[in-house]
Amino acid sequence: MPDMTVPDANAAQPARPSTAYLDHLFHESEERRRSAPPADVAPSLLPAAVADAVERAAEALEPDLREVVERLHADPEPAWEEHRSAALLVEVLARHGIDAELGAHGVPTAFRAELAGAGDGPTIAICAEYDALPVIGHACGHNVIAAAGVGAFLALRGVLASAGAPAGRVVLLGTPAEEGSSGKEVLARAGAFDDVDAAIMVHPYGQDVAEQVWLGRRLLTWTFTGRPAHASAQPFMGRNALDAANLAYQGIGLLRQQLPPVDRVHATVVEGGTRPSIITERAVMRLYARSKYPDTLRDLSARLDDVARGAALMTGTEVEIVWDDGALPSLPVRTNAALTERWVAAQRRRGRDPLPPGVVSETLAASTDFGNVSFRVPGMHPLIQVSAPDVALHTAEFADAAGGAAAVPAAVDGAVGLALTALEYLTDDALRTAVHDEFVAHGGPLDVPTYFD
Ligand SMILES: [Zn+2]
Ligand SMILES: [Zn+2]
């Protein structure tokens, strides 16, 4: 059969977006960094010998952390399929005499290990992620998160077993399925955080950042159902589901101007009909909705419902709206400043100075299921540098960085930061009071499972 494609001499490449706005964001961030006074935080709340011992213990774990960083990076597994990754982390813990429970809380690729101090006291959890993205692998650097979490936990083993150990416990929670999912919410609903008083983790990034904005996120599916008809002979007897999807897509576009600035709605049409000659009976759209606060995410949800119903009304079709389709909602991160200060102090020991809140533009915000944890118990989710500042998460360049020269030092420094923060939390009554007072002042715990009902 002859090739009937008409060659187009003017065929254009996709436009290459101007970097002007992004350049401004980085420039403004740099200006804010220069003018922000360094956070005034106490260097340590621990006896110097104790803090030094924890730091040396984390450094001594470098070969194990390198193995975790490199082996996970070389063998990326996507959400819910992290069997080899979880098994490797449990194996590394076992090598150090820690008996971790694989399949904890009914999730096959989750795990849990505990260190007990001297008797009853508070419990702090360290979250370790290890899922990767399909196709591009560890482009979010969760291999570094896993290494930092395991390193922090093992670095605390000696001090928690020593004569001067504080009361309380440290829990290491292996939390699968962050990408495109809400593994931590699944674990939370299974009780993983019921006996936890505070939770901490670190995420790799292009800069050292104490606190960044993370948006709440919900998944959504709209299925429009119309009536099929011959598109030439009797189109007036049809009701076009693709028209409804089209109007809904336009509706989202117009809605955007009336949304808060960092609200995000992204949509795809995954089904749009079968043949041009048949009026489309069924069209399916998949969407993500994101917002900066739980209540503004709830507002956005209601407005999107109206868009879908409006499009259905205009076209005489029916719409089925399914929220949280395939993944439970994730909330924005509520960062606990009192905990984060302790992270900053620990990072300064390592020659890093995490940027204070507000320096990195909130425009550059993504989402994480750690948000759901942070609305149950006080939490922190700081960022540690593994790449150049202009490298975005979820790119091939970031995947390279997560397996590159800066990844292992970040895992060690991350381990030191998480370990010292956890130990200070267990040891220092005034810190714990400040952490919990702040959590209550920001509204206390949310009933996450029923929040969007
Ligand atoms: Zn990610
Ligand atoms: Zn991530």
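Residues numbered from 1 in each chain as written. Chains lettered and ligands numbered in written order. Predicted model: local features only at pLDDT ≥ 70, side-chain atom pairs only at ≥ 80, totals over all residues. Heavy atoms only, no water.

Another point: the coordination of the zinc ion (ligand 2). Coordination of the zinc ion (ligand 2) by the protein comes from Cys140 (SG), His142 (NE2) and His203 (NE2), over a distance range of 2.1 to 2.3 Å. Within one chain, the residues serving as donors to the zinc ion (ligand 2) are arranged as C-x1-H-x60-H. A separation of 3.1 Å is found between the zinc ion (ligand 2) and the zinc ion (ligand 1), both of which receive a donor from Cys140. Remark: His203 occurs in strand S6 (residues 203-205) and His142 occurs in helix H5 (residues 142-155); sequence separation between them is 61 residues. Each of the two residues, His142 as well as His203, counts as buried. (Donors = N, O, S within 2.8 Å, 3.2 Å for Na, K, Ca; no water. Helix = DSSP H or I, 4+ residues; strand = E, 2+ residues; numbered from the N terminus. Buried < 20%, exposed > 50% of the residue type's maximum accessible area, 1.4 Å probe, protein only.)

So, on to the coordination of the zinc ion (ligand 1). Summarising the metal site, the zinc ion (ligand 1) is bound by the protein donors Cys140 (SG), Glu179 (OE) and His394 (NE2), whose distances to it range over 2.0 to 2.2 Å. The sequence pattern formed by the donor residues of the zinc ion (ligand 1) is C-x38-E-x214-H. By relative accessible area, Cys140 is classed as buried at 5%. Judged by its relative accessible area of 38%, His394 is partly exposed.

We now examine the sheet that holds strand S1 (residues 101-102). On the basis of which strands lie adjacent, the open sheet formed by 6 strands has the order S1-S2-S4-S3-S5-S11 and mixed pairing. Unpaired on one side and paired on the other, S1 and strand S11 (379-380) mark the two borders of the sheet. Contacts from H5 reach strand S2 (111-116), strand S3 (123-128) and strand S4 (169-174), with the element oriented near 150° to S3. Relative to S3, helix H13 (residues 407-427) is tilted by about 165°, and along the sheet it contacts S3, S4, strand S5 (198-200) and S11. (Pairing = 2+ DSSP bridges. Contact = heavy atoms within 4.5 Å. Axes fitted to C-alpha atoms, helices over the stretch in contact; angles between N-to-C directions.)

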